[in-house]
Amino acid sequence: MTVVGLRLALLALLLAIWEIAGRLVNPLLGVPPSAVVPALRDLLRLQSYPDLPASILLTLREIGAAYALSVAAGLACGFMLGMHRLAGRAWGPMLAALYAVPAVVWYPSLMLFFGLDAASKIAFGFLLGFFPIALAVLAGIRQVSPQLVVVARAYGAGTVTVFRRVMLPAMLFTLVGGLRTGLALCVIGVVVGEILGSKAGMGALINHAYGLLRTADYVALVLVTLVMVVGSDVLASLLERRARRWTD
Amino acid sequence: MIVVLGLWELAARMGWVDPLFVPAPSAIVPALMRISGGALAGLADTLGKTAVAYVLSVVLGVSAGIAVGSVRLLREVLSPYVIALYGIPKILVLPWIVLLLGYGTTPAVFYGVLHGFFPIMVLVMGAVRDVDRTLVTVARSLGATTWQLYWKVLLPAIVPSVLGGMRLGVVFCLLGVLVVEMFAGVRGMGYVLGSYANGFQAPELFAATALVSVASITIVLALDHLNEKLSRWRG
């Protein structure tokens, strides 16, 4: 109880400091919370940015496409590398090495290749989301006890049954965690891509507000984007919990 | 890998892909020679900023992690905030950082620290929390002072997590610095990459990308090597 109280007190203190500091500095740079509220209201009433719904929809569609591609390719690649010992041995280290490169170095190439439209954002979201999913599948397969598979086979289980009854439950925990991380990274990839260069979507609106020094609108747009980001993660964590209950 | 390179070369030579966007590997090697002067200077600039950001991230992250992790009330109050700050996409505050700090080195270092600090702090915080309580109790009952407790019990126990955080943090710091350079850079590798992309100089762009990737992989491998040596030394 006291902990919750202290957390709220800290939040209130931070908001108060922000309010005071925001009023002291140049209004083009600092936006106190009291100035954000009207900006947010204007934004949600579609007065400051009438194309807000279209931008949100576009960004969500980019995220959806990037995530669908990441899941499909990540699962396929992970299972392929996990099932075939040789392929896993040969390509696994390369996957890990690529993971050690900050992904943003690929973005200029993707932008050159796919242009400024949605495709380059989808590609970058895919690139970020793909790795955790593929690596989670690899780690998950390694967790499956080979004895269980052998026993199931000895009792006459086919490949599909072994997969559904033995492997999937054993690796689900890791797999679902990877799928959740993948979604979070897909979202980040799309947002980063939009802010680094785009013509439409939330990132383009944020850049527009920033470029015109409409700082209050910028903060309001960031808050809306944050709601999307946090919302997607909350959704993923609910699904994760369901999946985990199913295995128990 | 050779197969992939061969297919790539073939695809570019046969005109299946537009060489304006996807250059052949054989076109990238001369490009690497061509850009090496400017790109190496950019790389040095970027790595310099990353080094500053990295040192700051490690020092601040480890000390904040120990401070917050070892005081229970502090940990319980702050951990949701720390986790939330760790999780949200920091790119959203980047325009504001650039407004406040301008172009150049300062925002890059600041943003790099913002990326590197939280993973290190979260890892160290968790490690301090999970230090075996019995060890602490025994040390206390044998008359260890608070200083001795931190230095002799806590610190050795969290070394693996600190090293893990240090390995994770360096990629994050480099990422942060590169993003700032792409978004609002006047120097550095991120700026170089961005300007090659804008100028449709695909061979140069690919060469520069390869250069950054190799540098990053080398740094991570070197840290891994150091890590291994240190853990062997610890026994």
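Now for the overall build of chain A. Regarding its fold elements, chain A presents 10 helices and zero strands. When the helices and strands of chain A are read in sequence order from the N terminus, they spell out α-α-α-α-α-α-α-α-α-α. With 248 residues in all, chain A has 38% of them scored as buried. Partitioning the contacts of chain A with sequence separation of at least 6, the portion at a separation of at least 24 is 74%.

Moving on, we come to unusual backbone geometry. All names here are of chain A. Phi at leucine 213 takes a positive value of approximately 60°, unusual for a residue other than glycine. Positionally, leucine 213 belongs in the loop between α9 (202–211) and α10 (215–247). The exposure class assigned to leucine 213 is partly exposed, which follows from the 13 C-beta atoms found within 10 Å.

What follows is about the environment of glycine 38 of chain B. Residue and element names in this part refer to chain B. Within the secondary structure, glycine 38 sits in helix α2 (residues 25–70). A tally of 12 C-beta atoms within 10 Å means that glycine 38 is categorised as exposed. Between the C-alpha atom of glycine 38 and that of methionine 189, which follows or precedes it by 151 residues, the distance is 9.4 Å.

Across the boundary between the two partners, chain B contributes 33 residues, which contact 29 residues of chain A. Listing elements by their share of the side of chain B that touches chain A, those giving two or more residues are α3 (72–87), α4 (94–101), α7 (146–184), α8 (188–198) and α9 (202–234) of chain B. In terms of residue count, α9 of chain B provides more of the side of chain B that touches chain A than any other element does, nine residues in total. Across the side of chain B that touches chain A, the residue classes tally to 28 nonpolar, four polar and one charged.

What follows deals with the packing of α3 of chain B against helix α5 (residues 105–129) of chain B. Residue and element names in this part refer to chain B. The N-to-C vectors of α3 and α5 enclose an angle of 145°; their axes lie 10 Å apart at closest approach. Crossing handedness for the pair α3 and α5: left-handed. On α5, the residues that touch Arg75, Val82, Ile83, Leu85 and Tyr86 of α3 are Phe118, Pro119, Met121, Val122, Met125 and Arg129. Grouping the constituent residues of the contact of α3 with α5 by class yields nine nonpolar, no polar and two charged.

Turning our eyes to something else, we now look at the nonpolar core. Ranked by size, the top nonpolar core spans 121 residues in total, and within it Val124, Val179 and Ala208 of chain B carry the most contacts. Ignoring any residue separated from it by four or fewer positions in sequence, one finds alanine 208 of chain B in contact with Ile35, Ala39, Met189, Val192, Leu193 and Tyr196 of chain B.

Attention shifts here to helix α2 (residues 33–44) of chain A. All names here are of chain A. If you check α2, its first and last C-alpha atoms are 16 Å apart, about what 12 residues at 1.5 Å a residue would give, namely 16 Å. Residues of α2 that are buried: Val36, Ala39 and Leu43. Projected onto a plane normal to the axis of α2, the buried residues spread over an arc of 70° and lie on a single side. For α2, the exposed residues set more than 90 degrees away from the buried face come down to Ser34, Val37, Pro38 and Arg41. Downstream of α2 by a residue or two, leucine 46 has a phi angle that is positive, lying close to 65°.

Residues and elements named next belong to chain A. As for its placement among the helices and strands, proline 32 is situated in the loop between α1 (2–24) and α2. Considered as a pair, proline 32 and alanine 216 are 184 residues apart in the sequence and their alpha carbons are 8.6 Å apart. Proline 32 has contacts with Trp18, Glu19, Gly22 and Arg23, leaving out every residue within four places of it along the chain.

Definitions and cut-offs
Sequence positions are assigned chain by chain, starting from 1 and proceeding in written order. A letter from A marks each chain and a number from 1 marks each ligand, given out in the order of writing. The predicted nature of this model means local features are confined to residues of pLDDT at least 70 and side-chain atom pairs, given and counted, to a pLDDT of 80 or more, with totals for whole chains, interfaces and linings taken over all residues. Every helix listed is a DSSP run of H or I at least four residues long, and every strand listed is a run of E at least two residues long, numbered separately from the N terminus. Residue burial here comes from a neighbour count, namely the number of other C-beta atoms, placed from the backbone, that lie within 10 Å of the residue's own C-beta, with 20 or more meaning buried, 12 or fewer meaning exposed, and in between meaning partly exposed. Contact between residues is assigned whenever the C-beta positions, reconstructed from backbone atoms, fall within 7 Å. Residue type decides the class: Asp, Glu, Lys and Arg count as charged, Ala, Val, Leu, Ile, Met, Phe, Trp, Tyr, Cys and Pro as nonpolar, and the leftover types, Gly among them, as polar. Fitted lines through C-alpha atoms serve as axes, helices being fitted only where they are in contact, and the angles separating the N-to-C directions of these axes extend from 0 to 180 degrees. By convention the crossing between two helices is left-handed if the near helix lies anticlockwise of the far one by an angle smaller than a right angle, and right-handed if it lies clockwise. Put simply, a nonpolar core is a cluster of buried Ala, Val, Leu, Ile, Met, Phe, Trp, Tyr and Cys residues tied together by C-beta atoms within 7 Å. Multiplying 1.5 Å by the helix residue count minus one yields the expected span of that helix. Directions pointing from the helix axis toward each C-beta atom define the arc.

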